[in-house]
Amino acid sequence: MPAPRVDEFWRSCLTFPCGVGLGWDKVHPRAFMRLSDEASKALLRMMVLAEIVGTWPAAIGCLFVVLFPRPDGGFCPIGLLPTIVRIWTRMRLHVARRWQKD
């Protein structure tokens, strides 16, 4: 898989609208654009390591499920991911689509 670049990371952050809902960590994806190049590169290295290992670090890899009541009864489960995972999925979406197509 190609190594992610800082410009891809920032472009992925920009794909989230300003009013988008937050993950459980309460951080908006665009807030990561305030990081320096060096901090962004360090974060990208952590993402690549998670790809290689196949799991996120324990502090990042949590998924909270919230059950919203449906008007007709029952509940609708909504998964709240940490912001860094949301950004990573956007950043790697084109790779996954190409792999699925091939």
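Residues numbered from 1 in each chain as written. Predicted model: local features only at pLDDT ≥ 70, side-chain atom pairs only at ≥ 80, totals over all residues. Heavy atoms only, no water.

## Focus: a nonpolar patch on the surface
A surface patch of nonpolar side chains, amounting to about 470 Å² of accessible area, comprises L63, V65, L67, F75 and L81. Summarising the element assignment, F75 is placed in strand 2 (residues 75-80). (Patch = residues over 30% accessible without salt bridge, like charges linked within 9 Å, V, L, I, M, F, W, Y side chains within 5 Å. Areas by Shrake-Rupley, 256 points an atom, 1.4 Å probe, with all protein chains shown as cover. Salt bridge = Lys/Arg side-chain N within 4 Å of Asp/Glu carboxyl O. Helix = DSSP H or I, 4+ residues; strand = E, 2+ residues; numbered from the N terminus.)

## Quick notes on the pattern of salt bridges
Tallied over the full model, the rule gives 5 salt bridges. The partner of R5 in a salt bridge is D7, and the shortest N-O contact between them spans 3.0 Å. On the basis of relative accessible area, R5 is assigned to the partly exposed category, the value being 44%. Of the residues examined, D7 reaches a relative accessible area of 33% and is grouped as partly exposed. When the shortest N-O distance is used, the salt bridge between R5 and E8 registers 3.8 Å. Note on E8: relative accessible area 14%, which makes it buried. (Buried < 20%, exposed > 50% of the residue type's maximum accessible area, 1.4 Å probe, protein only.)

## What to know about helix 3 (residues 83-101)
Side chains three or four residues apart in an α-helix point the same way, a direct result of the helix having 3.6 residues per turn. The end-to-end C-alpha distance of helix 3, which contains 19 residues, comes to 27 Å, matching closely the 27 Å that a straight helix rising 1.5 Å per residue would cover. By the largest-angle criterion, R92 marks the main kink of helix 3, which is about 50°. Inspection of helix 3 places T83, I84, V85, R86, I87, M91, R92 and V95 among the buried residues, and these make up the whole buried set. Each element contacted by the buried residues of helix 3 is listed here: helix 1 (6-14) and helix 2 (37-53). (Expected span 1.5 Å × (residues − 1). Bend = angle between axes of the 7 residues up to and from the residue. Contact = heavy atoms within 4.5 Å.)

## Details of the packing of helix 1 against helix 2
In contact at an axis separation of 10 Å, helix 1 and helix 2 are set at 90° when each is read in the N-to-C sense. By the angle between their axes, helix 1 is roughly perpendicular relative to helix 2. Contact residues: V6, F9 and W10 in helix 1; D37, S40, K41, L43, L44 and M47 in helix 2. Along the lines of polarity and charge, the residues of the contact of helix 1 with helix 2 split into 6 nonpolar, 1 polar and 2 charged. (Axes fitted to C-alpha atoms, helices over the stretch in contact; angles between N-to-C directions. Parallel < 35°, antiparallel > 145°, perpendicular 65-115°, else oblique. Nonpolar A, V, L, I, M, F, W, Y, C, P; charged D, E, K, R; others polar.)

## Some words on helix 2
With 17 residues, helix 2 should reach 24 Å at 1.5 Å per residue; the first-to-last C-alpha distance of 24 Å fits that figure. Of the surrounding secondary structure, the elements contacted by the buried residues of helix 2 are helix 1 and helix 3. Following helix 2 by one or two positions, G54 adopts a phi angle in the positive range, close to 90°.

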